Amino acid sequence: MPDSTRQPNATVRDRLQQYGLSETEAETYLAVVEKGPATARTVAETAGVSKSYVYDICDSLAADGFVTVDDHRTPTVIRATPPAEAFGALRRELDTLETAVQTRYEDNPADDNSFEVVKSRPTIVKRLEQHIAAADCEVVLQLPARRLPDIREPLRRARERGILVLLTLSGYDADSMKLELDGVANAVRLGLDGAPSLLATDQQRGLVSPSTMLSWDHDETNAITFTQEAVAAVLVGSYLGNYWPIGEEVLVSRPPTLPVRYDMFRPVVFTTTLALRAGKSVVADLYARPTGSDDDFEMLTGEVVDVRQNLLEPTNSDFGFENSLVVDTGQEQITVGGYGAFLEDYEVKHTMLRQA
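The following paragraphs examine the structure supplied in this document. The shown structure was predicted, so the numbers you read here are calculated from the model rather than taken from an experiment.

The rules we used
Residues numbered from 1 in each chain as written. Predicted model: local features only at pLDDT ≥ 70, side-chain atom pairs only at ≥ 80, totals over all residues. Heavy atoms only, no water. Helix = DSSP H or I, 4+ residues; strand = E, 2+ residues; numbered from the N terminus. Expected span 1.5 Å × (residues − 1). Buried < 20%, exposed > 50% of the residue type's maximum accessible area, 1.4 Å probe, protein only. Arc of directions from axis to C-beta. Contact = heavy atoms within 4.5 Å. Core = buried A, V, L, I, M, F, W, Y, C linked by side-chain atoms within 4.5 Å. Phe/Tyr/Trp six-rings, centres within 6.5 Å; stacked < 30°, edge-to-face > 60°.

## Considerations on helix α4 (residues 51-63)
Stage number 1. Between its first and last C-alpha atoms α4 spans 19 Å; for 13 residues at 1.5 Å apiece the expected length is 18 Å, and the two agree.
Stage number 2. For α4, the complete set of buried residues consists of Val54, Ile57, Cys58 and Leu61. Axial view of α4: buried residues confined to an arc of 100 degrees, hence all on one face. Along α4, the residues that are exposed and aim more than 90 degrees away from the buried face are Ser52, Asp56 and Ala63.
Stage number 3. Looking at the buried residues of α4, the elements they touch are α2 (23-35), α3 (40-47), β2 (67-70) and β3 (77-80).
Stage number 4. Gly65, located one to two residues past α4, shows a positive phi value of around 85 degrees.

Listed below in structure tokens is the structure:
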């Protein structure tokens, strides 16, 4: 009965080449497997290479564990290492390589439009660090106060990059905790104990976790990380509409030096609010178009005369996450919101703020 597992030499040779052997090395190795123990002459004739070249090739194959070369006798005899032994070493190397690659794969945030279930607290902290490090414009974060030391440095680095950081800390106990808030956020609030941990960066990616997973020493619940704009938008809306307003404001940063450019709109509102409260006149160069239209975006310029916002106390927005500007263009006063706005007169992609 024919052996159904036997494959043509060409197929075997091709697969050996996939694992790093040259075509000549693969041919020579197969010749040793089929003819060995064999002399160098026999191997050379079977593989179709010169006898002198066979010695060099077999020395290389021996170094990789595929053959043994007995040159203490005349003529030299070449033997194939038992395949289980030869390929066992290769499998161990592949396993090691797989583990190394898997570690790097797991260290990376989830791909676009993906979700990941996270089961360990160290992995949650790692994901928080990765998302914060990747942020370009905005970090919205709520977590137990006891976990702030774990991510203090990533938050500070984000602030140094000019990123807006809104931070709510839950479960703060003034008798047992000392908060070090210098440089970690633009605004910090103390929220309710038991609130879920959540993160959204640039309204694109983030994390959601039950409060217990980061606040208790042992917990069996899981967190979810994601990279999906629609989910992040809902999360930010829920955070700004429900959790942020009930927190107690304990820190607000100073306004940045103008001019400054932003690609998201909440940083525009935050900075403008601080600047106006400091008595500065602010001019906004807006890359905008009428809300709900398919018009091309064009530059509009005007002085900001009012702000509607819920980011800083006292707030004056009509609903939870309303954040907009009232701008005097010299011809009219218009209301301006972020990209995708639906209540304001204009939606904006990016903004330059400068002092009048």
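## Thoughts on the nonpolar core
Stage number 1. With 37 residues, the main nonpolar core has Leu166, Phe270, Leu325, Val336 and Leu353 as its most contacted residues.
Stage number 2. The contacts of Leu325, once residues within four sequence positions are left out, are Phe265, Val268, Val269, Thr272, Val304, Asp306, Val307, Ile334, Thr335 and Val336.
Stage number 3. In this structure, Ala135, Leu141, Ala158 and Val188 belong to the second largest nonpolar core, which totals 28 residues.

## Looking at the packing of aromatic side chains
Stage number 1. Throughout the structure, instances matching the rule amount to six aromatic pairs.
Stage number 2. Taking 6.4 Å as the distance between ring centres and 35 degrees as the angle between the ring planes, the aromatic pair formed by Phe115 and Phe226 counts as tilted. Highlighted residues: Phe115 in strand β4 (residues 114-118) and Phe226 in strand β10 (residues 223-227), separated in sequence by 111 residues.
Stage number 3. Exposure remark for Phe226: the relative accessible area of 2% places this residue in the buried category.

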